Amino acid sequence: MTCLPIHYTVAGMKIDLKFAALGSLVLLLGFGGGYLLSTPEDEFAKPDFSLELDSECRLNQGACQRTLEQGGAVQFAVGPQPILGAAPLYFELDVEDLDIRRAAVDLSGVDMNMGSYRFELEVDAQGRYRAEGILPVCVRNRMVWRADLWLQTRKRGLLRIPYQFTAFKYKD
């Protein structure tokens, strides 16, 4: 039976195999585990059904109402008006005949990559879903944003409703 030495000398340095193996394992778990933890599967990645963008909806002028073919309705608003970048912002959602488990809105720039921002909407005492946040500042005076409203319902699954609005750099 042959035993392997537990020490090697490399470039004049004595290396202990136990510590080298332990160090390699820590590095592997650190990088691999960090990657796994930083890329969770997004439960909003694949909707069960999705509506088309309503070209008549003008969130910059007030709330938009959408009636669902399967029954129920949603009313979604962004404010205060005018919508400004780098200023406090709110999202409001009223639902009718929908049993919502979770609601969120994802924002992304339409004409410019501004990153993606998710705001979780929480139900208040009146049954209205709300979230608050701030949009990043854009170098342009006006920036068109896409707002994907995600509704996780108990009976119908995941619904995606797209909206668009314009945020301004300055108040007119």
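The structure this text deals with has already been given above.
Residues numbered from 1 in each chain as written. Predicted model: local features only at pLDDT ≥ 70, side-chain atom pairs only at ≥ 80, totals over all residues. Heavy atoms only, no water.

**Quick look at the nonpolar core**
Phase 1 of the analysis: Membership of the largest hydrophobic core comes to 35 residues, with the highest contact counts inside it found for Phe 76, Leu 151, Tyr 163 and Phe 165.
Phase 2 of the analysis: Among the secondary structure elements, those contributing two or more residues to this core are strand 5 (73-79), strand 6 (88-96), strand 7 (100-109), strand 8 (116-123), strand 9 (129-134), strand 10 (142-153) and strand 11 (157-168).
Phase 3 of the analysis: Contacts of Leu 151, omitting those with residues within four sequence positions, involve Val 74, Leu 93, Leu 98, Ile 100, Arg 102, Ala 103, Gly 157, Leu 158, Leu 159 and Ile 161. (Core = buried A, V, L, I, M, F, W, Y, C linked by side-chain atoms within 4.5 Å. Buried < 20%, exposed > 50% of the residue type's maximum accessible area, 1.4 Å probe, protein only. Helix = DSSP H or I, 4+ residues; strand = E, 2+ residues; numbered from the N terminus. Contact = heavy atoms within 4.5 Å.)

**Quick word on the pattern of salt bridges**
Phase 1 of the analysis: Following the criterion strictly, the structure yields nine salt bridges and no others.
Phase 2 of the analysis: Asp 99 is the partner of Arg 154 in a salt bridge, and the nearest nitrogen-oxygen pair spans 3.2 Å. Taken together, the positions of Arg 154 in the loop between strand 10 and strand 11 and Asp 99 in the loop between strand 6 and strand 7 put the pair 55 residues apart, joining distant regions of the chain.
Phase 3 of the analysis: For Arg 154, a relative accessible area of 53% gives the class exposed.
Phase 4 of the analysis: Note on Asp 99: relative accessible area 38%, which makes it partly exposed.
Phase 5 of the analysis: Here the salt bridges share partners, and the residues they tie into one network are Glu 92, Asp 94, Arg 128, Arg 130 and Glu 132. (Salt bridge = Lys/Arg side-chain N within 4 Å of Asp/Glu carboxyl O.)

**Some points on the sheet that holds strand 10**
Phase 1 of the analysis: Read across the sheet, nine strands follow the order 3-11-10-7-8-9-6-5-4 without closing on themselves; strand pairing throughout is mixed. In this open sheet, the two edge strands, each paired with only one partner strand, are strand 3 (49-50) and strand 4 (64-67).
Phase 2 of the analysis: In terms of strand pairing, strand 8 meets strand 9 through two bridges, oriented antiparallel. Residue pairing across strands places Val 123 opposite Tyr 129, the latter belonging to strand 9. (Pairing = 2+ DSSP bridges.)

**Digging into the pairing of strand 8**
Phase 1 of the analysis: As paired elements, strand 7 and strand 8 share six bridges and run antiparallel to each other. Looking at strand 8, one finds that Leu 107 is bridged to Tyr 117.
Phase 2 of the analysis: As consecutive antiparallel partners, strand 7 and strand 8 are separated by six residues, and within that stretch Gly 115 has a phi angle of approximately 85 degrees, a positive value.
Phase 3 of the analysis: Between strand 8 and strand 9, which pair antiparallel and follow one another directly, the connecting turn spans five residues, one of which, Gly 127, has a positive phi of 85 degrees.

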